[in-house]
Amino acid sequence: MIRVDNVCLSYGEKKVLDHFSLEIPKEGITGFSGPSGCGKTSLLRLLAGLEKPGSGGVTGLGQAAFLFQENRLLPWRTVEQQIFDVLPAARRHEAERWLAFAELEGEGSAYPSALSGGMARRLALARCAALGGEVLLLDEPFAGVDKERAMRLMERLRQLGTPVILVSHETDVLEKCDRVYTFDGIPLRTV
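For clarity, every value in this text was computed on a predicted model and none was experimentally measured.

One open sheet accounts for 6 strands, arranged β5-β6-β7-β3-β8-β9; its pairing is mixed. Unpaired on one side and paired on the other, β5 (64-67) and β9 (189-190) mark the two borders of the sheet. In this structure, strand β3 (residues 29-33) lies alongside strand β8 (residues 179-184), joined through 4 bridges in parallel fashion. Of the residues in β8, the one forming a bridge with F32 is Y181. Here helix α1 (residues 40-48) sits on the sheet and contacts β3, β5, β6 (135-139), β7 (164-167) and β8; the angle it forms with β6, its principal contact strand, is near 150°. This element, helix α4 (residues 117-131), spans β5 and β6 of the sheet and lies at about 170° to β5.

Turning our eyes to something else, we now look at the nonpolar core. Core analysis: the biggest nonpolar cluster contains 37 residues, and I83, F101, L125, L136, L138, F142 and L166 have the highest contact counts within it. Of all the elements in the fold, those that place two or more residues in this core are β5, α2 (79-84), α3 (95-101), α4, β6, α5 (147-160) and β7. It is α4 that contributes the most residues to this core, 9 residues altogether. What I83 contacts, discounting residues up to four positions off in sequence, is A95, W98, L99, L123, A126, R127 and A130. With 25 residues, the next largest nonpolar core counts V7, V16, I165 and F183 among its residues.

This paragraph deals with the packing of α4 against α5. Contact pair α4 / α5: the axes reach a minimum separation of 12 Å and the direction vectors enclose 5°. What the angle tells us is that α4 and α5 run roughly parallel. Mapping the contact onto sequence places R122, L125 and A129 in α4 and R149, L153, L157 and L160 in α5. Across the contact of α4 with α5, the residue classes break down as 5 nonpolar, no polar and 2 charged.

Right, let's get into the packing of aromatic side chains. A complete count under the given rule lists 6 aromatic pairs for this structure. Their ring planes at 85° and their centres at 5.2 Å tell us that F32 and F183 sit as a pair that is edge-to-face. Of this pair, F32 sits in strand β3 while F183 sits in strand β8, and the two are 151 residues apart along the sequence. Comparing F32 with F183, the two get one shared label, buried.

A few words now on the state of the cysteines. Enumeration according to the criterion identifies 0 disulfides in this entry. With no disulfide of its own, C128 has C177 as its nearest cysteine by sulfur position, at a separation of 15 Å. Judged by relative accessible area, which is 4%, C128 ranks as buried.

A few words on the pattern of salt bridges. Enumeration over the complete set of coordinates arrives at 14 salt bridges. In this structure, R3 engages E23 in a salt bridge whose closest nitrogen and oxygen atoms are separated by 3.0 Å. Residue R3 is located in strand β1 (residues 2-11), and its partner E23 is located in strand β2 (residues 14-24); the two are separated by 20 residues in the primary sequence. When its relative accessible area of 37% is taken as the criterion, R3 is described as partly exposed. Between R156 and E103 there is a salt bridge; the shortest N-O distance is 3.0 Å. Remark: E103 occurs in the loop between α3 and α4 and R156 occurs in helix α5; sequence separation between them is 53 residues.

Pairing is antiparallel in the open sheet, where 3 strands are placed in the order β2-β1-β4. In this open sheet, the two edge strands, each paired with only one partner strand, are β2 and β4 (55-59). Taken pair by pair, the neighbouring strands of this sheet meet at an average axis angle of 25°, ignoring direction. Inspection of the sheet shows β1 paired to β2 by 7 bridges, in the antiparallel sense. Of the residues in β2, the one forming a bridge with L9 is L17.

What counts as what
- Residues numbered from 1 in each chain as written.
- Predicted model: local features only at pLDDT ≥ 70, side-chain atom pairs only at ≥ 80, totals over all residues.
- Heavy atoms only, no water.
- Pairing = 2+ DSSP bridges.
- Helix = DSSP H or I, 4+ residues; strand = E, 2+ residues; numbered from the N terminus.
- Contact = heavy atoms within 4.5 Å.
- Axes fitted to C-alpha atoms, helices over the stretch in contact; angles between N-to-C directions.
- Core = buried A, V, L, I, M, F, W, Y, C linked by side-chain atoms within 4.5 Å.
- Buried < 20%, exposed > 50% of the residue type's maximum accessible area, 1.4 Å probe, protein only.
- Parallel < 35°, antiparallel > 145°, perpendicular 65-115°, else oblique.
- Nonpolar A, V, L, I, M, F, W, Y, C, P; charged D, E, K, R; others polar.
- Phe/Tyr/Trp six-rings, centres within 6.5 Å; stacked < 30°, edge-to-face > 60°.
- Disulfide = S-S within 2.5 Å.
- Salt bridge = Lys/Arg side-chain N within 4 Å of Asp/Glu carboxyl O.

Rendered as structure tokens:
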């Protein structure tokens, strides 16, 4: 189990998490749902260690790979190089596998500026998945991706066997999750 225990997190005077606790099974795909601005991304960033709580803590997570809401692709690196860069030398032969994972076969020599928004998002997701870790933390992983392709990517994520925690507003994505935590806020609270 991943445990968020009595966490307080504020941005200035704004309390985002106020003595917030949650237990998340470390298996399958877990979805976080709720209105924009309620604190879901802050919780995901806390899990990733990108935010430090004022009090409380997180246990049981292990090494995580994080997908930001922004794609954060390097404009001077090709599609293939974006994947190649996160793979250790012994795994660089896997680059084509990850391009196929994201349905980007044949795009390896393209630069991010030549990709559509959905293609860039799929590349960012593939790069995160290729990075690996004990858990994948994904913030709006299918923004700009058509529904049918998003459902195929969900199935590919499941087949990796790595626990996934994702934030989404998309009903179709949330329906494919093993469990969904619905939140409201701010401060963040379970509905």
